[in-house]
Amino acid sequence: MNALRREIERIIASEGPIGIDRYMALALGHPVHGYYVTRDPLGAAGDFTTAPEISQMFGELLGLWAATVWDMMGRPFPFVLAELGPGRGTLMADALRAAGRVPGFLEAADINLVEISPALRQSQQAKLAGHEVSWRGRFEELPPGPLLLLANEFLDALPIRQFVRGGGGWHERVVGLSPEGGLAFGLAPHAAPDLAAVPGRDGDLLETSPASLALADIMARRLAAMGGAALLVDYGAAGSDLGDTFQALRRHGFADPLAEPGEADLTAHVRFGALARAASRAGAAVHGPMTQGAFLLALGIRERAAVLSRGRDEATRAAVASALARLTAPEAMGDLFKAMALADPRLGPLPGLPPP
Ligand code: SAH
């Protein structure tokens, strides 16, 4: 049995069952045993693969998106260029190479990476050698000023809470101790008072991510006050907040989220509708969400793929075509993943996205 599971069992034994949010925060971010603290989870040898690791085209297009919005903002000098959860630094490296072709952009960019993982900070440093970069532990630590922010598969890692409808109220789904030993899901005996007004039918499961909503709120306030835009790409639905999407991924397959905390990636689908409402309440314009496939096609991924294939050998052309399909085809990542931007309402329509 792993050390983190023992620690979580001790916490539950002394304090009672814990919310999924606390369980997720411990499993992913525990300072010694947390999943993101102890490893580089990406790539074929890891647990999952992400869009920037599939193809350079993804980061390049997001970089050009940022450079275009920078131009629309009146080319502020300096401005904060930030990424949340930059993984191996691949997206930012590809983005900087592409956006660097827009004169003045790199000189104006104060590059900031928000990352909790020491292992991944090292990969980022290696990948971005040659650029001056600052690391931050959280969004709130970014320096002030106009902001352009990118985040791919960051929000899905933020802790969620779940509530199940029964007896006229919403009962929090919690992690407790199973009589047979080990961890097990259970339900809080008392209904959550702050959800009393939320309608539902018996058996409905409501999923919320207070941490994501708080981030959308603070990001929106900052963008409205200091200018800029944040592009959020992740998997999830544009609509309802109902349904259990809490999942564990290990070695590219689904796993039991309670079996070995710290050994599997824990995520939930991003509720873009709820994020959009929180951000617009806080004063930002919300562009999208739209599907990743449509977004990348609007930004010109097909044209970029053609350039990368031109005059190249058969194997390279096949690899480019396969990456294009993985990123855009509806049955691959094209439909499940969404792109949404939060922006200063003074900005006009943003590249590739429907206007607010
Ligand atoms: N954006 C990258 C990596 C996605 S994995 C890509 O697309 O390949 C999630 C990333 O978010 C990792 O870099 C992880 O270490 C980071 N992360 C997860 N939770 C975090 C938190 N609470 N604060 C900062 N970074 C976090």
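As a starting point, this report considers the structure included with it. Please read all numbers here as calculations on a predicted model, not as lab measurements.

**A closer look at the overall build of the protein chain**
Reasoning step 1: A count of helices and strands for the protein chain gives 14 helices and 15 strands.
Reasoning step 2: The C-alpha atoms of the protein chain give a radius of gyration of 21 Å, which matches the 21 Å a tight globule of 356 residues would have.
Reasoning step 3: Taking the principal axes of the C-alpha coordinates as reference, the protein chain spans close to 65 × 45 × 35 Å.
Reasoning step 4: Burial analysis of the protein chain (356 residues in total) assigns 54% to the buried set.
Reasoning step 5: Partitioning the intrachain contacts of the protein chain with sequence separation of at least 6 by distance along the chain shows that 76% fall at a separation of at least 24.
Reasoning step 6: Of the roughly 15100 Å² that the protein chain leaves accessible, carbon and sulfur atoms contribute 56%.

**Overview of the site of the ligand**
Reasoning step 1: Neighbouring the ligand are 17 residues, the closest being Thr50, Gly85, Gly87, Glu115 and Asn152.
Reasoning step 2: The contact in question runs from an oxygen atom of the ligand to an N or O atom on the side chain of Thr50, over 2.5 Å.
Reasoning step 3: Measuring from a nitrogen atom of the ligand, one finds a backbone N or O atom of Gly85 at 2.7 Å.
Reasoning step 4: When the ligand sits alone it has 570 Å² of accessible area, and the protein chains cover 92% of it.
Reasoning step 5: Taken together, the residues that form the shell around the ligand break down as nine nonpolar, five polar and three charged.

**Observations concerning unusual backbone geometry**
Most peptide bonds are trans, and most residues other than glycine sit at a negative phi.
Reasoning step 1: Omega for the peptide link from Phe77 to Pro78 comes to -5 degrees, which places this bond in the cis form.
Reasoning step 2: Turning to its location among the elements, Pro78 is positioned in the loop between helix H5 (56-72) and strand E2 (79-84).
Reasoning step 3: The backbone of Glu153 shows a phi angle near 50 degrees, a positive value even though the residue is not glycine.
Reasoning step 4: One can find Glu153 in the loop between strand E5 (147-152) and strand E6 (161-166).
Reasoning step 5: Since its relative accessible area comes to 15%, Glu153 is described here as buried.
Reasoning step 6: Notably, Arg251 is not glycine yet its phi reads approximately 50 degrees, a positive angle.
Reasoning step 7: Mapped onto the elements of the fold, Arg251 is located in the loop between strand E11 (247-250) and strand E12 (253-255).

**Here's the deal with the packing of helix H1 (residues 3-15) against helix H2 (residues 20-29)**
Reasoning step 1: Put simply, H1 and H2 touch, their axes get as near as 11 Å, and they point 150 degrees apart. Between H1 and H2, the crossing angle belongs to the class labelled roughly antiparallel. For the pair H1 and H2, the sense of crossing is right-handed. Where H1 approaches H2, its residues Leu4, Ile8, Ile11 and Glu15 are matched on the opposing element by Arg22, Tyr23, Leu26 and Ala27.
Reasoning step 2: Looking at the contact of H1 with H2 residue by residue, the classes come out as six nonpolar, no polar and two charged.

**Remarks on the sheet that holds E11**
Backbone hydrogen bonds are what pair the strands of a sheet, in a parallel or an antiparallel way.
Reasoning step 1: The three strands are arranged E12-E11-E13 in an open sheet whose pairing can be described as antiparallel. The open sheet is flanked by E12 and strand E13 (265-267), the only strands paired with a single partner. For this sheet, the mean angle separating the axes of adjacent strands, direction not counted, is 40 degrees.
Reasoning step 2: Looking at chain direction, E11 and E12 are connected through three bridges and run antiparallel. Bridge assignment links Arg250 to a residue of E12, and that residue is Gly253.

**Points about the nonpolar core**
As a rule of thumb, nonpolar side chains are buried together in soluble globular proteins.
Reasoning step 1: Counting residues in each nonpolar core, the largest one holds 51 residues, and the members touching the most others are Trp65, Leu81, Phe105, Leu148, Leu231 and Phe295.
Reasoning step 2: If you tally residues by element for this core, the top one is H5, at nine residues.
Reasoning step 3: Excluding residues that lie within four positions of it along the chain, Leu231 makes contacts with Leu62, Trp65, Leu149, Leu150, Ala151, Phe295, Ala339, Met340, Ala341 and Leu353.

**Examining the side chain of Arg165**
Reasoning step 1: Summarising the element assignment, Arg165 is placed in strand E6.
Reasoning step 2: Buried within the structure, Arg165 lacks any salt-bridge partner; Asp202 is the closest side chain of opposite charge, at an N-O distance of 4.9 Å.
Reasoning step 3: Residues within four places of Arg165 in sequence aside, it is in contact with Trp170, Val198, Pro199, Gly200, Arg201, Asp202, Gly203 and Asp204.

**Quick notes on the packing of H5 against helix H6 (residues 90-99)**
Reasoning step 1: The N-to-C vectors of H5 and H6 enclose an angle of 55 degrees; their axes lie 7 Å apart at closest approach. Taken as axis vectors, H5 and H6 run oblique relative to one another. Taken as a pair, H5 and H6 cross one another with a handedness that is right-handed. Across the interface between the two elements, Gln56, Phe58, Gly59, Glu60, Leu62, Gly63, Leu64 and Ala67 from H5 touch Leu91, Asp94, Ala95, Arg97, Ala98 and Ala99 from H6.
Reasoning step 2: By residue class, the composition of the contact of H5 with H6 is eight nonpolar, three polar and three charged.

Rules used in this analysis
- Residues numbered from 1 in each chain as written.
- Predicted model: local features only at pLDDT ≥ 70, side-chain atom pairs only at ≥ 80, totals over all residues.
- Heavy atoms only, no water.
- Helix = DSSP H or I, 4+ residues; strand = E, 2+ residues; numbered from the N terminus.
- Rg over C-alpha atoms; globule rule 2.2 N^0.38 Å.
- Buried < 20%, exposed > 50% of the residue type's maximum accessible area, 1.4 Å probe, protein only.
- Contact = heavy atoms within 4.5 Å.
- Areas by Shrake-Rupley, 256 points an atom, 1.4 Å probe, with all protein chains shown as cover.
- Near = heavy atom within 4 Å.
- Polar contact = N/O pair within 3.5 Å; in protein donor to acceptor, adjacent residues only side chain to side chain.
- Nonpolar A, V, L, I, M, F, W, Y, C, P; charged D, E, K, R; others polar.
- Axes fitted to C-alpha atoms, helices over the stretch in contact; angles between N-to-C directions.
- Parallel < 35°, antiparallel > 145°, perpendicular 65-115°, else oblique.
- Left-handed = near helix turned anticlockwise from the far one by under 90°.
- Pairing = 2+ DSSP bridges.
- Core = buried A, V, L, I, M, F, W, Y, C linked by side-chain atoms within 4.5 Å.
- Lys, Arg positive; Asp, Glu negative; His and termini not counted.
- Salt bridge = Lys/Arg side-chain N within 4 Å of Asp/Glu carboxyl O.

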